[in-house]
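# Structural overview for review
The lines below spell out each chain.
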Amino acid sequence: MFQISARQLARGTGRIGLLGLRRGLSSGPEAAASKGSGAPEAKTRWRTPTTWLSLAATSGVASCLLYYYSVQYEERKEAVSGKRSYGAASIGGPFTLVDTSGKTVTDKDYLGKFMLIYFGFTFCPDICPDELEKITDALNLLSEPDQERIVPIMISVDPYRDNPERVKEYLKDFHPRFEG
């Protein structure tokens, strides 16, 4: 801030500080001269607590905090959207399975047909029977030629408890075209 001596204020000269106010409490050279100490106004250098080192340290800390919060913001945004991906899914391609009669089937056995695949297990108490029933209802809505083009397949995700005989017995409650 600028400071105006009483003499400059009386004459109307000098610089007026921010908003026309002057610093009342000051220990600078102008204050000493205006107190009437009789010492001539000497040009002294003002010491401020702001140095280049403190500016560099403050900007370094501010930069680190800004980087930290931007990384946290991106992680939270990904967590909320649920779109984090760790590679491409391997969809399609050749496969080899064992059906309910114990025969090995591959993707070549289903060429020219649409496969309606459901992944589940026979010990599933709620969701699996409901979803297999929905597939059965959807197949019953189709005409007979359209049903011939679609192969409903249930693939067990619990191969230790779901042997082919158990899956065959489980699928009897649903559409007769279900394969397992």
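Structure: above.
Keep in mind the model is a prediction, meaning the values are calculated, not measured. Every chain's residues receive numbers from 1 upward, in the order its sequence appears when written. Selection of residues for local features in this predicted model requires a pLDDT of at least 70, selection of side-chain atom pairs for listing and counting requires 80 or more, and totals for whole chains, interfaces and linings are taken over all residues. Only hydrogens and water are set aside when side-chain values are computed; all heavy atoms of the structure are taken into account.

## Focus: the nonpolar core
For clarity, the threshold we go by: What makes a nonpolar core is a set of buried Ala, Val, Leu, Ile, Met, Phe, Trp, Tyr and Cys residues whose side-chain atoms join them at distances within 4.5 Å. Each residue's exposure class comes from its accessible area (1.4 Å probe, protein chains only) as a fraction of the maximum for that residue type: buried when under 20%, exposed when over 50%, partly exposed otherwise. We count a stretch as a helix when DSSP gives it H or I for four or more residues in a row; a strand needs E for two or more, and each element gets its number in order from the N terminus.
Membership of the largest hydrophobic core comes to 13 residues, with the highest contact counts inside it found for L132, Y170 and L171. Listed by contribution, the elements that provide at least two residues to this core are α4 (127–141), β4 (150–156) and α6 (164–171). Considering every element that reaches this core, the biggest residue donor is α4, with four residues. Judged by nonpolar contacts, the second largest core, of five residues, contains V105, Y110, V151 and I153.

## With respect to the side chain of D162
Formally: Under the convention used here, Asp and Glu are negative, Lys and Arg are positive, and both His and the chain ends fall outside the count. For this document, the term salt bridge refers to a Lys or Arg side-chain nitrogen within 4 Å of an Asp or Glu carboxyl oxygen. Any N or O atom pair separated by 3.5 Å or less is treated as a polar contact, with the protein-specific requirement of one donor-capable and one acceptor-capable atom, and with residues adjacent in sequence counted only for side-chain atom pairs. Whether two residues touch is decided by their heavy atoms; if any such pair falls within 4.5 Å, the residues are in contact.
Inspection of the secondary structure puts D162 in the loop between β4 and α6. Comment: no salt bridge for buried D162; closest opposite-charge side chain is R166, at 4.8 Å. For D162, the side chain forms a polar contact with the side chain of S156, separated by 2.7 Å. In this structure D162 touches F121, T122, F123, S156 and V167, once residues within four positions along its chain are discounted.

## Some details on the packing of aromatic side chains
A ring pair, where both rings are aromatic, is described by two values, the distance of the centres and the angle of the planes. Condition: Aromatic pairs are defined between Phe, Tyr and Trp rings, using the six-membered ring for Trp, whenever the two ring centres lie within 6.5 Å; interplanar angles under 30 degrees are classed as stacked, those over 60 as edge-to-face, and all others as tilted.
Evaluated as defined, the whole model comprises three aromatic pairs. A ring pair is formed by F174 and F178, whose centres lie 6.5 Å apart and whose planes are at 65°; its orientation type is edge-to-face. Here F174 matches F178 in class, with each residue buried. Among the aromatic side chains, those forming a connected cluster through ring pairs are Y170, F174 and F178.

## Side note on the side chain of T122
Tracing the backbone shows T122 in the loop between β3 (114–120) and α4. Since its relative accessible area comes to 13%, T122 is described here as buried. For T122, the side chain forms a polar contact with the side chain of D162, separated by 2.3 Å. For T122, the residues in contact, after removing those within four places along its chain, are M154, D162, R166, V167 and Y170.

## Some points on the environment of G120
Relative to the helices and strands, G120 is located in strand β3. C-alpha of G120 to C-alpha of D158: the two residues are 38 residues apart in sequence and 7.8 Å apart in space. Beyond its immediate stretch of four places on either side in the chain, G120 contacts C128, M154, I155, S156 and V157.

## What to know about a nonpolar patch on the surface
Keep this limit in mind: To count toward a patch, a residue needs a relative accessible area over 30% and no salt bridge; like charges are then connected within 9 Å, while nonpolar side chains (Val, Leu, Ile, Met, Phe, Trp, Tyr) are connected within 5 Å. Each accessible area is a Shrake-Rupley result for a 1.4 Å probe, and residues are judged covered by the shown protein chains and nothing else.
A contiguous nonpolar surface patch, about 440 Å² in accessible area, is contributed by V61, L65, Y68 and Y69. Along the chain, L65 falls in helix α3 (residues 52–81).

## Quick notes on α6
Defined as follows: For this quantity, the arc is that covered by the directions from the helix axis to the C-beta atoms.
Residues of α6 that are buried include every one of V167, Y170 and L171, and no others. Looking straight down α6, one finds its buried side chains confined to an arc of 90°; they lie on one side. With respect to the buried face of α6, the exposed residues turned more than 90 degrees away are E165 and E169.

## Some details on the environment of F178
Its place among the elements puts F178 in the segment after α6. Sequence separation of F178 and I135 is 43 residues, and the distance between their C-alpha atoms is 9.6 Å. Every residue in contact with F178, bar those within four places of it in the chain, is listed here: L132, I135, T136, P152, I153, M154 and L171.

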